[in-house]
Amino acid sequence: MGQFDPQPWKDPPLAGGLVALLDDVAVLARAAAASIDDIGAAAAKAGAKAAGVVVDDAAVTPQYVRSLAAERELPIIKRIAVGSLRNKFFIILPAVLLLSQFVPWLLTPILMLGGAYLCYEGAEKVWAKIAHHGASGAGEEKVQDETTLVSGAVRTDLILSAEIMVISLNEVIDEAFWSRLAILAVVAVVITVLVYGVVALIVKMDDAGLRLSQRSGAVATFGRGLVRAMPVVLTVLTVVGTAAMLWVGGHILLLGTNELNLHFLYEAVHHVEVAAHDATGVLGGLVGWLVNTVASAILGLIVGALVVLVMTLTLHRRKSKAATATATATAAATATTRTDGTIPAPPSRAARRRDAPADRAPRG
């Protein structure tokens, strides 16, 4: 009979298993880190393609808080940012992922429609600048309640965020479903934080400048510089945003027509781009990119101008007629109002009979 060992656990085989487990965890951690790096790189690449819309989003949003008290600006921007995240995660992200998974052929037409909208927005801003009138005239601003203001800003953000997400999706369309989901989620969060962080800095820049200007020395000079720079910053953002919208929109249309087997526009631009690249030596890469960018912006301006013309001849004209009819009806009602503010009742049948001309021929 063998000798009984009172401590059978004194040399357990757990050490080797634990080392193997830790080794597996390390491998998984390295794989996860590499995956995160890949997702981050893909998100950065995808977000860069939407730079034009991002700049325009950052330029548009400060307009919503211009008429607010200074202490309400940041809370309103926070509410708009939360609404933007809801737009991206609950509406746009599910929609674009389902489209990319089941009907990916629809993405190019949808992207081109979005590109045409960007061209329209850019061309409309150019036309407003040329014609010296904006979407809302100066001095006509009226203070809105915060709920209405936030709702309007979130609706505008829905359009711009949809463009950002579709443009980003187009860059990662070949990734697996869960990779697309992770990349677009990262893009959604980063873009929202970036846009509304910049917006918060912009709208508080003049307040910070005013506070600094009340001090002395170089600090006061810097504060006054911030206050003077505020209009310049907004103007530069508007110009850059408009140019970027035309460029991005035109480039989307250029690539889309090529993917839909309408190659002549893309091939013409590509031919000029290659010729400029070959003719400029060391600067060939930069010059070729500029040629493509300018050509895309010109295409965007042409398409946008055509859309503006169509909208002016149809939708805007109907709105103008409706506004004119409303104004005429209001003027007529005002003209018949008594000085005491009451509206006279229509004359009775007897009064109308009494006031009728005496020489009217009697009825036969």
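One can find the structure itself at the top, above this paragraph.
Everything quoted here is computed from the prediction, not taken from an experiment. (Residues numbered from 1 in each chain as written. Predicted model: local features only at pLDDT ≥ 70, side-chain atom pairs only at ≥ 80, totals over all residues. Heavy atoms only, no water.)

1. Examining the overall build of the chain
Logical step 1: Looking only at helices and strands, one finds ten helices and zero strands in the chain.
Logical step 2: For the chain, the sequential pattern of α-helices and β-strands runs α-α-α-α-α-α-α-α-α-α.
Logical step 3: Within the span of the chain, comprising 364 residues, buried residues form 30% of the whole.
Logical step 4: Considering only contacts in the chain between residues 6 or more positions apart, those separated by 24 or more positions represent 78%.
Logical step 5: In the form shown here, the chain has an accessible surface area of approximately 23000 Å², with 67% of it arising from carbon and sulfur atoms. (Helix = DSSP H or I, 4+ residues; strand = E, 2+ residues; numbered from the N terminus. Buried < 20%, exposed > 50% of the residue type's maximum accessible area, 1.4 Å probe, protein only. Contact = heavy atoms within 4.5 Å. Areas by Shrake-Rupley, 256 points an atom, 1.4 Å probe, with all protein chains shown as cover.)

2. Comments concerning unusual backbone geometry
Logical step 1: Although it is not a glycine, asparagine 261 adopts a positive phi angle of roughly 70°.
Logical step 2: By the secondary structure assignment, asparagine 261 is in the loop between α7 (218-259) and α8 (264-279).

3. Overview of the packing of aromatic side chains
Logical step 1: Applying the stated criterion across every chain, the model contains three aromatic pairs.
Logical step 2: Judged by centre distance (6.3 Å) and plane angle (50°), the rings of tyrosine 117 and tyrosine 120 are tilted. Residue tyrosine 117 and its partner tyrosine 120 are located together in helix α4 (residues 107-130), separated by three residues, close to a single helical turn.
Logical step 3: According to the relative accessible area criterion, tyrosine 117 is partly exposed, its value standing at 28%.
Logical step 4: Taking the centre distance of 6.1 Å and the plane angle of 75° together, the rings of tryptophan 247 and tryptophan 289 count as edge-to-face. Taken together, the residues tryptophan 247 in helix α7 and tryptophan 289 in helix α9 (residues 284-335) connect sequence positions 42 residues apart.
Logical step 5: Classification of tryptophan 247 as partly exposed rests on a relative accessible area of 28%.
Logical step 6: The exposure class of tryptophan 289 is partly exposed, given its relative accessible area of 45%. (Phe/Tyr/Trp six-rings, centres within 6.5 Å; stacked < 30°, edge-to-face > 60°.)

4. Some thoughts on the pattern of salt bridges
Logical step 1: A complete count under the given rule lists two salt bridges for this structure.
Logical step 2: Here glutamate 73 and lysine 204 are joined by a salt bridge, their closest N and O atoms 3.4 Å apart. Of this pair, glutamate 73 sits in helix α3 (residues 70-102) while lysine 204 sits in helix α6 (residues 177-213), and the two are 131 residues apart along the sequence.
Logical step 3: Aspartate 207 serves as the salt-bridge partner of lysine 204, at 2.8 Å between the closest nitrogen and oxygen. With lysine 204 and aspartate 207 both in helix α6 and three residues apart, this pair spans about one turn of that helix.
Logical step 4: Look at lysine 204 and you get partly exposed, because its relative accessible area is 21%.
Logical step 5: What emerges from the salt-bridge pattern is a single network uniting Glu73, Lys204 and Asp207. (Salt bridge = Lys/Arg side-chain N within 4 Å of Asp/Glu carboxyl O.)

5. Remarks on the packing of α7 against α8
Logical step 1: Where α7 contacts α8, the axes come no closer than 7 Å and their chain directions differ by 120°. The orientation of α7 with respect to α8, classified from their angle, is oblique. Across from Leu254, Leu255 and Asn258 in α7, the residues of α8 making contact are Leu265, Tyr266 and Val269.
Logical step 2: Here the residues of the contact of α7 with α8 sort into five nonpolar, one polar and no charged. (Axes fitted to C-alpha atoms, helices over the stretch in contact; angles between N-to-C directions. Parallel < 35°, antiparallel > 145°, perpendicular 65-115°, else oblique. Nonpolar A, V, L, I, M, F, W, Y, C, P; charged D, E, K, R; others polar.)

6. Here we look at the packing of α4 against helix α5 (residues 146-171)
Logical step 1: Between α4 and α5, the least distance of the axes is 10 Å, while the angle of their chain directions is 135°. The angle between the axes of α4 and α5 places the two elements in the oblique class. Seen from above, α4 lies across α5 with left-handed handedness. Contacts between α4 and α5 involve Leu107, Leu111, Gly114, Gly115, Tyr117 and Leu118 from the first element and Ile159, Glu163, Val166, Ile167, Leu169 and Asn170 from the second.
Logical step 2: Tallied by class, residues from the contact of α4 with α5 come to eight nonpolar, three polar and one charged. (Left-handed = near helix turned anticlockwise from the far one by under 90°.)

7. A short note on the side chain of aspartate 207
Logical step 1: Here lysine 204 takes part through its side chain, which lies 2.8 Å from a polar atom of the side chain of aspartate 207.
Logical step 2: Aside from chain neighbours lying at most four places away, what touches aspartate 207 is Ala70 and Glu73. (Polar contact = N/O pair within 3.5 Å; in protein donor to acceptor, adjacent residues only side chain to side chain.)

8. A short note on the nonpolar core
Logical step 1: Counting residues in hydrophobic clusters, the biggest one holds 35 residues, and the most contacted among them are Val96, Met165 and Leu184.
Logical step 2: Going through the elements one at a time, α3, α4, α5, α6 and α7 are the ones with two or more residues in this core.
Logical step 3: Ranked by residues supplied to this core, first place goes to α6 with ten residues.
Logical step 4: When near neighbours in sequence (up to four residues on either side) are disregarded, methionine 165 contacts Ile92, Leu93, Leu184, Val187 and Ala188. (Core = buried A, V, L, I, M, F, W, Y, C linked by side-chain atoms within 4.5 Å.)

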